[in-house]
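# Examination of the molecular architecture
What follows is each chain in one-letter form.
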Amino acid sequence: MRQFRRMMKLHKLSGKFLGLLLAFGLSATASAQMTINGAGATFPYPIYSKWFDEYAKVDPSVRFNYQSIGSGGGQKQILALTVDFGASDGPMSDDNLSKAPGKLLHIPTVAGADVVAYNLPGNPALKLDADAIAGIFLGQIKKWNDPKLTALNPDVKLPDQEIVVVHRSDGSGTTYIWTDYLSKISPEWKQKVGTNTSVNWPVGLGGKGNEGVAGQIKQTPGALGYVELIYAVQNRMPFADVKNSAGEFVKASLESITAAMATAQIPDDFRFSITNAPGKDAYPICGATWLLVYEQQKDPAKGKKLVEFLKWAAKDGEKMAKDLQYAPLPDSLEQRVLKRIDEIKM
Amino acid sequence: MSILANGDTAALMAGPVAARMKPPSRFGDKAFEWLTLAMAMAVVALVFLVGWQLARGSSLAIQKFGFHFLTTSTWDPVAEQFGALPFVYGTVVSSLIGLIIAVPLSIATAVYLTELAPLWIRQPLVSLIEMLAAIPSVILGLWGIFVMIPWLRDYPFPLFKKLFGWTPLFRGPIYGVSMLAGGIIIAIMILPIITSVSREILRSVPNLQREAAYALGATRWEVTRIAVLSYAKKGLFGAVILGLGRALGETMAVTMVIGNTPQIAASLFAPGYTLASVIANEFTEATTDIYLQSLFEIGLVLFGITILANLVAQLLLKTMGTKMATRAVQ
């Protein structure tokens, strides 16, 4: 018994010693490790966290801490210099950029698409064009058997039923892409409603998040709304082929998003919009997401690590995009992005 | 009970034991008093701090829109025009619906649990009701979308339309998501709190009350009505106000079933929007200053409504007290 007790004591002691050692060890690595903080968009959060995980293997000396607080928060935090990089699903406005204490760069990373999902008996494959989508969301096309819709879908018997429009109620990059598309194709939409992460909707019910919109579409016969492509694919929701500006009906897919980025006009500050892009294969309702970094980095050591990461993301990180259902940048754009990253100064 | 105990110690102190003890130091008492005062003041200060912070955070919006913020109904982040009226309307109406449904249900439940239910059934029922309070809001919201809404849309709503379609309250197309659905979800969420507070209050009604009524030959219903409910009236009212407080601020579950459309419609089948919901929906992606400040002002309005509701409740409680007193005198 005594022996046992002594053993226990020894054991306890060694346990304490081990704990102490461990604590020392941890603090030693912690001091050598640099933490780079970022905040912003929620849409790319899954791929960003994958990148940070993978990058820890490439460069163990740096750790990333990313808070997906939303694009609005991301823009605010990078303007206030509380984070090392921001992230946003929409490009920053001129007004907000002018508040920045230095030149802010937009670094596009990946892209996604909005699809038009619906709930009709038998879930037939539908085709829609710009006029039809704008008409529905402006409240001018009210019934499923509207002549405009039947003309586009001669093979489908559309019911004499009211279209229940569903949109996002929360501010989101998804809504930004959607309203950006509608503003481009419909002057009336541009003038009456406009482009933003949330808008004053002429018609429709608001659902919170992709799951809220999808839930309402699934539960309401005759409903139609927009959700992220990933979400529709994962939940096996039917979605419509959309006629692009070249006159082709295109199904949303990672390839047709990348095609849109390849043909869209992309200005040098990368504050681009790829909705309604020209090109035969381009899906018209898609958009990119951006990282926001200052051209002049304050902390040279941190800046160097950040640049290394950005380069890695543009080269190796892009290859992981497809597995997570994000569209990677086309090669031409990737080269331009890499060049821009090189311009970051310490 | 505690009075008795105090009396005992006082009697002891007066005896010879007290004479041998050191004169009691008042320091502990004083310290205790100051400490509790500080704690109480901290709570008051917190309320003011929240109000002040909200007002400061929305100063730009207050300057720009002034009183129009409360009287206009356009909410347009693109044109930067903000009016909170539909949200105020939605918050008030959905909370009222919630109360109308939840109050009779929960008070009846509390009466059953304290007055009528056989002993073996009480504890399991209480646990079940308290479990309802433990369901996270967002889960209830998802259940709302996938279970409650389709059911409401297919069965009760068409029935209401058929029966009460002649009133403006139950007209128009039925989408499922609606002000009424929001009110029902609120009712489910405030039911447990009103029930358990009411139950505690009914339990604190002295048995003498009941016995006296029985002695006068009252039936069970009469005992409950005269001896229990009217005795506990004030406390029950307090329980309802607690429920109202929760109802006004309920966010996630309501957001998922109310339809999120900023409009003022007479029909309860039409979608609506609440103050708490619009904050939860739009805060994260609000990029411009005036937009963010307007959301802050929405918070300020909600804060104001909550305080107002409490003040009105206190006032009602006071008049209720005097009424009862005058009746007693008569």
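So, a few notes on the structure that sits alongside this text. Treat the numbers as computed from the prediction; the structure is a model and nothing was measured.

Another aspect to go through is the interface of chain A and chain B. At the interface, 29 residues of chain A touch 25 residues of chain B. Listed by contribution, the elements that provide at least two residues to the side of chain A that touches chain B are α3 (71-79), β7 (205-207) and α9 (209-219) of chain A. Partitioning the side of chain A that touches chain B into residue classes produces five nonpolar, 21 polar and three charged.

All names here are of chain A. With six bridges connecting them, strand β1 (residues 34-40) and strand β2 (residues 62-67) associate as parallel partners. Within β2, the position partnered with isoleucine 36 by the bridge is phenylalanine 64. Running through helix α2 (residues 45-58), the crossover from β1 to the neighbouring parallel element β2 is right-handed. Inspection of the sheet shows β1 paired to strand β3 (residues 85-88) by three bridges, in the parallel sense. The residue bridging glycine 40 from the neighbouring strand is alanine 87, located in β3.

Relative orientation and spacing of two packed helices are given, respectively, by the angle between their axes and the distance between those axes. Residue and element names in this part refer to chain B. Where helix α6 (residues 85-116) contacts helix α13 (residues 233-249), the two axes come as close as 9 Å, and the packing angle between them is 140°. Our classification of the angle between α6 and α13 gives oblique. Between α6 and α13 lies a crossing whose hand is right-handed. Residues Thr91, Ser95, Gly98, Leu99, Ala102, Val103 and Ile107 of α6 pack against Leu236, Val240, Gly243, Leu244, Ala247 and Leu248 of α13.

Residues and elements named next belong to chain B. Packing of helix α7 (residues 119-134) against helix α10 (residues 179-203) brings their axes to within 8 Å, and their N-to-C directions diverge by 140°. Overall, the two elements α7 and α10 adopt an arrangement that is oblique. For α7 against α10, the interelement crossing comes out left-handed. Contact residues: Ile129, Glu130, Leu132 and Ala133 in α7; Leu191, Pro192, Ile193, Thr195 and Ser196 in α10. Along the lines of polarity and charge, the residues of the contact of α7 with α10 split into six nonpolar, two polar and one charged.

All names here are of chain A. Read from one edge to the other, the open sheet built from three strands follows the order β5-β9-β10, with strand pairing classed as mixed. If you trace the sheet from one side to the other, it starts and ends with β5 (127-128) and β10 (249-250), each paired once. The pairing of strand β9 (residues 241-243) with β10 spans two bridges and is antiparallel. Bridged to valine 242 within β10 is valine 250.

This part covers the pairing of strand β4 (residues 104-118) of chain A. Residues and elements named next belong to chain A. Counting buried residues along β4, 14 of its 15 residues qualify, which places the element largely inside the surrounding structure. Bridge count for β4 against strand β12 (residues 327-328) is two bridges, and the pairing is antiparallel. Directly across from valine 110, in β12, lies its bridge partner proline 328. Where β4 meets strand β8 (residues 223-228), five bridges bridge the pair, whose relative direction is antiparallel. Opposite valine 115, over in β8, you have valine 227 as the bridge partner.

Attention now goes to the environment of A:Lys319. Residues and elements named next belong to chain A. Its place among the elements puts lysine 319 in the loop between α12 (300-315) and β12. Lysine 319 sits in the exposed class, given 9 other C-beta atoms within 10 Å. Measuring from C-alpha to C-alpha, the distance between lysine 319 and glutamine 161 comes to 45 Å, with 158 residues separating the pair along the chain.

Turning next to the nonpolar core. Counting 161 residues, the largest nonpolar core has A:Val115, A:Val116, A:Ala260, A:Tyr283, B:Ile185 and B:Val257 as the members making the most contacts within it. Examining the composition of this core, we find that 16 residues originate from one element, α10(B), more than from any other. Among residues more than four places away in sequence, those in contact with A:Val116 are A:Leu128, A:Ile133, A:Leu224, A:Tyr226, A:Phe239, A:Ala240 and A:Val242.

This part covers unusual backbone geometry. A positive phi angle, near 65°, is found at A:Gln325, a position not held by glycine. In this structure, B:Asn260 is a non-glycine residue whose phi angle is positive, near 50°. Note that B:Asn260 resides in the loop between α14 (252-257) and α15 (275-282). A residue is classified by how many C-beta atoms lie within 10 Å of it, and B:Asn260, with 30 of them, is buried.

Cut-offs and rules
Residue positions within a chain follow its written sequence, with the count starting from 1. Chain letters start at A and ligand numbers start at 1, both assigned in the order the entries are written. For a predicted model such as this one, the threshold for reporting local features is a pLDDT of at least 70, and the threshold for listing and counting side-chain atom pairs is 80 or more; totals across whole chains, interfaces and linings nevertheless cover every residue. Any pair of residues counts as being in contact when their C-beta atoms, constructed from backbone geometry, are within 7 Å of one another. Numbering of helices and strands runs from the N terminus; a helix is a DSSP stretch of H or I covering at least four residues, while a strand is a stretch of E covering at least two. Gly falls in the polar group here, along with every residue not listed as nonpolar (Ala, Val, Leu, Ile, Met, Phe, Trp, Tyr, Cys, Pro) or charged (Asp, Glu, Lys, Arg). What makes two strands pair is DSSP finding at least two bridges between them. The handedness of a crossover follows from its direction of travel: if, with the strands pointing away from the viewer, the path from the first strand over the helix to the second runs clockwise, the crossover is right-handed. Angles here are taken between N-to-C directions and fall from 0 to 180 degrees, while the axes themselves are lines fitted to C-alpha atoms, restricted in helices to the stretch in contact. Here is the rule for angles: anything less than 35 degrees is roughly parallel, anything more than 145 is roughly antiparallel, 65 through 115 is roughly perpendicular, and the remaining ranges are oblique. Helix crossings are classified by the rotation of the near helix relative to the far one: an anticlockwise turn of less than a right angle makes the crossing left-handed, while a clockwise turn makes it right-handed. Counting other C-beta atoms within 10 Å of each residue's C-beta, where C-beta atoms are placed from the backbone, gives the exposure class: buried for 20 or more, exposed for 12 or fewer, partly exposed between. Each nonpolar core comprises buried Ala, Val, Leu, Ile, Met, Phe, Trp, Tyr and Cys residues, the members being joined through C-beta atoms within 7 Å.

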